[in-house]
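What the coordinates show
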Amino acid sequence: MSVTRMFAVDSAPPEPAVAPERFKAAFRGHPAGVAVITLPGRKRPAGFTATSLVSLSLSPPLVSFAIATTASSWPFVRDGGTAVAHLLTAGQEDLARRFATSGIDRFAAPTGYRLLPGGEPVLEGVDTWLLLSLESLIPAGDHRLAIARVRHAAIGADHRPLLYHDGTYHTLRA
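In what follows, the accompanying structure is described. Given the structure is predicted, the values throughout are model-derived calculations rather than measurements.

1. A closer look at the sheet that holds strand 1 (residues 32–33)
Spatially, the 3 strands line up as an open sheet ordered 1-11-12, and their pairing is antiparallel. Where the open sheet ends on each side, the last strands, each with one partner, are strand 1 and strand 12 (168–171). The sheet contact formed by strand 1 and strand 11 (residues 162–165) spans 2 bridges and is antiparallel. For Gly 33, the partnering residue across the bridge sits in strand 11 and is Leu 163. Running over the sheet, helix 3 (residues 93–100) touches strand 11 and strand 12 and is turned about 150° from strand 12.

Here it is, written out as structure tokens:
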């Protein structure tokens, strides 16, 4: 069954956009899982903390995440072909904060990592991660929505996710 939606053309002026602070406040009450996305680079790797990683399709296995075009990691996403999505768990708040901090070398000590054969950095201590092939970047306001195919999944035993809610990190109790 196909659904077609028609929108009436109206000469009334558009409603004003929601103010950024009000928009943020609306999402403070919506918890999100925390991931770190890492990317290979010619001179050094890049990475950032994301609360926008979601599963998109089972067949083929696809995920999506958003990145601001002003982010320091944006050129690595735009110009690269692969990434690793690390699903953070309880006790990994420091890692989430490090990769969310601007102006630092996120891969300097105490961050430990190893490189996969394609140069993708895998963070030490993160047991669940996905090797991704970036397939498309869709403009979405001041961000880009990245769609990526999952090429490999490493699954850890700890399933207590790190969550971001109301401006702070939390974990679920077992």
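2. Things to note about the packing of aromatic side chains
Counting across every chain of the model gives 5 aromatic pairs. Note on Phe 107 and Tyr 113: the rings are 5.0 Å apart at their centroids and 75° apart in plane angle, and the pair reads as edge-to-face. The buried category is assigned to Phe 107, whose relative accessible area is 9%. In textbook terms, an aromatic cluster arises when at least three aromatic residues are bridged by ring pairs, as seen for Phe 99, Phe 107 and Tyr 113.

The rules behind the values
Residues numbered from 1 in each chain as written. Predicted model: local features only at pLDDT ≥ 70, side-chain atom pairs only at ≥ 80, totals over all residues. Heavy atoms only, no water. Pairing = 2+ DSSP bridges. Helix = DSSP H or I, 4+ residues; strand = E, 2+ residues; numbered from the N terminus. Contact = heavy atoms within 4.5 Å. Axes fitted to C-alpha atoms, helices over the stretch in contact; angles between N-to-C directions. Phe/Tyr/Trp six-rings, centres within 6.5 Å; stacked < 30°, edge-to-face > 60°. Buried < 20%, exposed > 50% of the residue type's maximum accessible area, 1.4 Å probe, protein only.

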